[in-house]
Every structure is written in C-alpha cells, then in structure tokens.
Amino acid sequence: MKKILCIGAGYVGGPTMAVIADRCPQYTVTVVDINEKRIAAWNSDDLPIYEPGLDEVVKRCRGKNLFYSTDIAKGIKEADIIFVSVNTPTKTFGTGAGRAADLQYLEKTARSIIEHADSDKIVVEKSTLPVRTAQAMSRILHSNTRGLKFQIISNPEFLAEGTAINDLMNPDRVLIGGLETEDGQKAIEEVAAIYANWVPRERIITTNLWSSELTKLVSNALLAQRVSSVNSISALCEKTEANINEVTAAAGKDTRIGAKFLKASIGFGGSCFKKDILNLVYLCGYYGLPEVAEYWEQVIKMNEFQSRRFVANMLAAMFNTVADKKIAILGFAFKADTGDTRESPAISVCRQLLEERARLCIHDPKALENARLDLEDAEGDITYCEDPYEAVKGAHAIAVMTEWNSFKELDFKRIYDSMEKPAFLFDGRNLLDADAMYEIGFNVYPIGKKAKTHF
Ligand code: NAD
Ligand code: UGA
C-alpha cells in the first residue's frame with residue numbers, strides 16, 4: 001500500500017484527498033494540518049467546509065484509508081508522496097506587498113519535510129504558486145544533510161468551490177509538471193498513476209515544471225478576465241438598454257467564445273482570482289514586462305469598479321441617501337453552494353453601505369458565521385438573520401449578493417408586503433425574474449439591464 005500525505009487540510013487539501021482516497025483504495029491517504037480545530041472538525045460529523053457531496057465521500061473513506069491528523073512528523077516519515085496544499089495568500093508586508101505571493105507557509109512545510117523525512121520522496125505542489133517556485137522548493141529540500149533526494153512535481157488544482165466534488169471526480173484535465181530528466185519523468189508517472197484510477201489518460205496532461213506552475217495562474221486569470229469583460233459590458237448595457245443576458249447568450253453561441261462563465265455579477269470573489277492575478281502582475285513586473293502587468297491589473301480594477309458602481313446605483317435610485325434605511329443583504333458567500341466568503345464582493349458592498357450609514361440585515365444559508373468574522377471590525381448597525389423573512393421585514397431595499405437557488409423559492413409577495421415603500425430590489429446576480437418582481441410592486445435594478453421602476 002503506497003502512502004500519500006497531504007500537508008494543509010483546507011478547501012483544497014480536504015476534498016482533494018477525500019476523492020483520491022475514495023477512488024484509490026490501494027493508497028493510504030493522510031491529511032495533516034497545524035490547525036488542530038480544523039483537523040478535529042474533519043474527524044467529526046460537522047466538517048470544516050460546506051461542499052455538496054463532500055460529507056458522503058469523507059464518510060465512505062474516513063478511518064479506512066483516509067485519515068486527518070495533526071501528527072505532521074509521523075505523516076512525513078511514513079509518506080511516499082507528499083502533496084503540499086498550504087495557503088499562499090498575497091503578501092501584506094515588505095517587498096511585493098499587496099501583489100507577490102506570501103510563500104512563508106510553503107517554505108515552513110519544506111523545512112518540516114527535511115526535518116522529519118528519513119527516505120527519498122516525491123513532493124507535489126498542489127498549492128497555487130508563482131512560476132519557478134519548484135526551483136526554490138528543490139533548493140530548500142536538497143539542503144538536507146542526509147543525502148535525501150526529492151523530486152518536485154507541480155500538480156495544480158482546478159476545482160471550483162460549490163462544485164468541488166464533481167470537479168474532482170470528473171476533471172476537464174489533470175495537469176502534472178516535472179523535470180525533463182529520467183527521475184523527473186518517473187515521478188510524473190507515479191503521480192499520474194494515482195489519477196489514472198478514475199481519470200481517462202487523455203485528460204492527464206504532462207508538461208515541464210514551469211509550464212504547469214504558470215498554467216494555473218493563467219487559467220484563473222483567463223476566467224477572471226471573462227467575468228470582468230462581461231461586467232464592463234454590463235455597465236454599457238445599462239446605459240444603452242441592451243440586455244447583458246441577451247448579449248452574452250448570443251455572443252456565447254459562437255463556439256470560439258463558448259457559453260460558460262459569462263454571467264454578469266457584482267464582481268468575482270473567492271480566495272484565488274484576485275490573489276492569483278496580483279501574483280501574475282507581480283511576476284510580469286519582476287521579469288521586466290510592465291505592459292503585460294498593466295494589462296492584467298485592469299481585470300482587478302474592473303472588478304472593483306463593478307461593486308462601487310453597484311452601490312452608486314443603489315444610492316442614486318434611493319434618492320441619494322441610504323442613511324438610517326434598513327437594507328436586507330441576501331447572500332454573503334462569494335458564490336452559491338459554499339459557506340466561503342473570502343474576497344466576497346458582499347464584503348465591499350456592505351462596507352460601502354455602512355459608510356453611507358445604512359442599517360444592514362444579512363442573511364445567507366451557509367455563510368453567516370464567516371460574514372460575522374468578515375465584518376467584525378466594521379462600524380455601524382449590522383444584524384445577522386437565519387430567517388430571510390426576518391431579514392427583509394421593514395427594509396427599504398433588498399440587495400442580492402449570492403445566487404443561492406433557495407432565494408428563488410422565497411415568497412416575494414409576502415416579502416414585498418413586509419417592506420417599507422417604495423420597495424427596491426437590487427439584483428447583483430440577475431437571479432430573480434425582474435418582470436415578476438416588478439409586477440409584485442418592486443422597483444427592480446438588475447445588472448446590465450434596464451431598471452424596471454414604478455416612478
Ligand atoms: P486554506 O487556507 O483553506 O487551507 C490551507 C491550510 O494549510 C490551512 O488549514 C493551514 O492551517 C494549513 N497550513 C499552513 N501552513 C501549514 C504548515 N506549515 N503545516 C501544515 N499545515 C499548514 O487554503 P485553500 O483554499 O485550501 O488553498 C490552498 C492552496 O490551493 C492555495 O495556494 C490556493 O491558491 C490553492 N487553490 C485553492 C482553491 C480553492 O478553491 N480554495 C482552488 C484551487 C487552488
Ligand atoms: C475558481 C476557478 O473556477 C477554479 O478553476 C480554480 O481552481 C479556483 O478559482 C481557485 O484557484 O481557487 P472558485 O473561485 O471556487 O474557482 O469559483 P468560480 O466558479 O470560478 O467563481 C469565482 C467568482 O466569479 C465567483 O464570485 C462567481 O460568482 C464569479 N463569477 C463566475 C461570475 O461573476 N460570473 C461568472 O460567469 C462566473
């Protein structure tokens with residue numbers, strides 16, 4: 001039985017290893033973390049992250065060939081293959097602050113590997129990293145004084161939250177990069193053999209190390225660029241009475257463009273798009289390519305513009321003041337089907353509304369606990385409501401921040417009746433049927449479409 005270890009039991013390490021354990025009964029998979037609370041939660045009935053289908057997979061394997069533990073030293077000693085899935089946030093200090101990736105957690109992991117390893121190992125970069133990190137990783141690992149040999153493999157993760165289990169079970173591709181040496185190719189094959197248990201071979205792509213590392217940043221940049229492109233056009237649609245849904249549906253029919261990932265929104269959130277583009281921008285600057293850096297930076301600027309524009313539209317519609325008005329925030333997660341609120345556009349929208357002295361009542365089916373933490377330091381009147389009908393009672397406006405399906409099932413006649421009049425509905429996700437909402441009595445402001453008002 002081969003032994004796999006994953007260092008980092010977060011949104012990536014937890015689900016990815018659960019699926020590997022599920023699909024590969026011949027491997028023992030252990031996931032370790034320095035965060036004891038997180039490991040305790042992985043070992044409980046209340047997993048630390050919400051992800052559809054995750055509970056079932058964990059329950060099938062945990063205690064059989066899937067283990068969550070805080071014993072990092074033992075895990076490292078026993079493992080043949082070590083995946084590193086620690087966080088790589090944007091640096092907040094020193095050189096490259098606000099752009100470069102903070103690699104301190106990765107380096108600490110490398111150092112604990114050489115402290116505890118007593119045999120050669122394959123070390124797999126699962127975290128998203130700047131291109132050429134494998135070189136630094138290799139130098140640190142080979143500074144060991146016991147002559148131990150490590151092969152570094154890049155195997156970036158492409159799962160999206162909310163659909164992680166399906167993405168892992170049926171990936172579009174698995175990318176594995178390694179050195180173009182005999183040992184490098186052997187290590188690639190060892191990692192490919194894991195995925196080959198359930199992923200068709202033609203979807204397992206192998207490249208050199210640097211292509212693999214860079215592909216991860218580029219994939220996220222291209223996806224985020226699509227959202228910013230559509231959101232920029234949504235602003236033009238609102239000025240011209242074009243309808244963003246009609247525009248993207250028609251443009252997306254061109255198979256070269258494709259229909260996916262063209263939904264206008266209040267902006268992209270999530271822990272990675274912004275961080276990875278900033279990282280790309282930093283790398284381009286570092287390698288003396290300021291024009292390329294500036295090109296990609298615009299994707300982030302457009303995203304920030306979109307949430308400011310949303311709040312500006314709210315203010316303009318509500319007679320230029322929201323001071324002391326109750327606003328119900330429906331949804332706080334950065335997308336549906338997750339409790340994750342990292343970089344959620346709802347954070348920026350709420351902070352802007354609080355600065356305007358609005359009173360906020362926030363409802364989200366899975367993200368209320370995180371919302372509380374995100375707004376812990378915010379000054380102003382905020383309440384958190386488990387019940388959506390409580391959240392909207394007496395509100396002047398509703399702002400839809402997350403495309404939860406459950407919101408579509410709400411009784412909007414009842415909601416309208418319980419609100420102050422005129423009642424405003426700002427749909428940051430184009431989730432609700434604007435015509436039906438207008439018929440009920442709302443003044444409706446979708447994204448990238450003409451507003452429907454009773455004035
Ligand atoms: P996360 O913050 O949820 O999890 C990282 C975990 O690593 C934490 O639990 C932390 O305690 C642990 N950790 C940090 N240093 C450690 C150490 N020295 N030893 C042991 N454990 C340590 O992060 P995440 O969302 O899982 O992301 C991990 C990486 O994967 C990032 O590089 C991210 O860019 C990338 N990624 C994330 C997603 C996603 O959907 N979240 C998708 C693809 C790639
Ligand atoms: C994204 C990528 O899709 C994954 O492939 C990648 O692995 C991951 O980042 C990562 O590296 O962390 P994720 O952020 O979980 O996954 O979710 P997405 O579905 O990509 O959504 C990101 C944001 O864009 C969300 O706020 C979403 O609401 C927004 N979005 C997405 C839109 O506004 N419009 C769209 O058409 C699509």
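See the structure shown above.
Residues numbered from 1 in each chain as written. Chains lettered and ligands numbered in written order. Predicted model: local features only at pLDDT ≥ 70, side-chain atom pairs only at ≥ 80, totals over all residues.

**Student:** Summarise the overall build of the protein chain; cite the residues concerned and give the values.
**Tutor:** Secondary structure assignment for the protein chain yields 18 helices and 14 strands. Computed over its C-alpha atoms, the radius of gyration of the protein chain comes to 24 Å, within 12% of the 23 Å expected for a compact globule of 455 residues. The principal-axis extent of the C-alpha atoms belonging to the protein chain is close to 75 × 50 × 45 Å. In the protein chain, which comprises 455 residues, the proportion classed as buried is 47%. When contacts within the protein chain are restricted to residue pairs at least 6 apart in sequence, those whose partners lie at least 24 apart make up 72%. (Helix = DSSP H or I, 4+ residues; strand = E, 2+ residues; numbered from the N terminus. Rg over C-alpha atoms; globule rule 2.2 N^0.38 Å. Buried ≥ 20, exposed ≤ 12 C-beta atoms within 10 Å, placed from the backbone. Contact = placed C-beta atoms within 7 Å.)

**Student:** I'd like to hear about the site of ligand 1, residue by residue, with values.
**Tutor:** Every one of the 26 residues lining ligand 1 counts as a neighbour, but G8, G10, Y11, S127 and T128 are closest to it. Examining the composition of the shell around ligand 1, we find that three residues originate from one element, helix α5 (residues 104-116), more than from any other. Looking at the shell around ligand 1 residue by residue, the classes come out as 10 nonpolar, 11 polar and five charged. (Near = placed C-beta within 6 Å. Nonpolar A, V, L, I, M, F, W, Y, C, P; charged D, E, K, R; others polar.)

**Student:** An account of unusual backbone geometry is requested, with residue identities and associated values reported.
**Tutor:** The residue after K421, namely P422, is reached through a cis peptide bond having omega -5°. Tracing the sequence through the fold places P422 in the loop between α17 (412-417) and β13 (424-427). The phi angle at F261 is positive, at roughly 60°, despite the residue not being glycine. Along the chain, the position of F261 falls in the loop between α10 (244-252) and α11 (273-286). Although it is not a glycine, R357 sits at a positive phi angle of roughly 65°. Of note, R357 is situated in the loop between α13 (345-355) and β10 (359-363). A tally of 14 C-beta atoms within 10 Å means that R357 is categorised as partly exposed.

**Student:** A description of the packing of α5 against helix α6 (residues 133-141) should follow, citing residues and the corresponding values.
**Tutor:** Contact geometry for α5 and α6: axes closest at 9 Å, N-to-C directions at 30°. Between α5 and α6, the angle falls in the class roughly parallel. The two elements α5 and α6 meet at a crossing, and its hand is right-handed. Between α5 and α6, the contacting residues are E107, A110, R111, I113 and I114 on the first element and M137, I140 and L141 on the second. By residue class, the composition of the contact of α5 with α6 is six nonpolar, no polar and two charged. (Axes fitted to C-alpha atoms, helices over the stretch in contact; angles between N-to-C directions. Parallel < 35°, antiparallel > 145°, perpendicular 65-115°, else oblique. Left-handed = near helix turned anticlockwise from the far one by under 90°.)

**Student:** Can you tell me about the site of ligand 2, naming the residues and giving the values?
**Tutor:** Neighbouring residues of ligand 2: 21 residues in total, closest K263, S265, F268, G270 and C272. Looking at which element gives the most residues to the shell around ligand 2, the answer is helix α9 (residues 209-240), with three residues. Broken down by class, the residue content of the shell around ligand 2 amounts to 11 nonpolar, six polar and four charged.

**Student:** Could you give an account of the nonpolar core, with specific residues and numbers?
**Tutor:** One finds I4, I20, I82, V123, V124 and V191 to be the most contacted residues of the largest nonpolar core, which totals 57 residues. At five residues, helix α1 (residues 13-23) tops the list of elements feeding residues into this core. Residues I347, A367, L375 and A399 belong to the second largest nonpolar core, which totals 48 residues. (Core = buried A, V, L, I, M, F, W, Y, C linked by C-beta atoms within 7 Å.)

**Student:** Just give me the short version of the environment of E356, but keep the residues and values in it.
**Tutor:** Along the polypeptide, E356 turns up in the loop between α13 and β10. Take E356: there are 18 C-beta atoms within 10 Å of it, and that puts it in the partly exposed class. In the structure, E356 is positioned 35 residues away from T321 in sequence and 7.5 Å away in space, judged by C-alpha atoms. When residues no more than four places from it in sequence are discounted, the contact partners of E356 are L315, V322 and A323.

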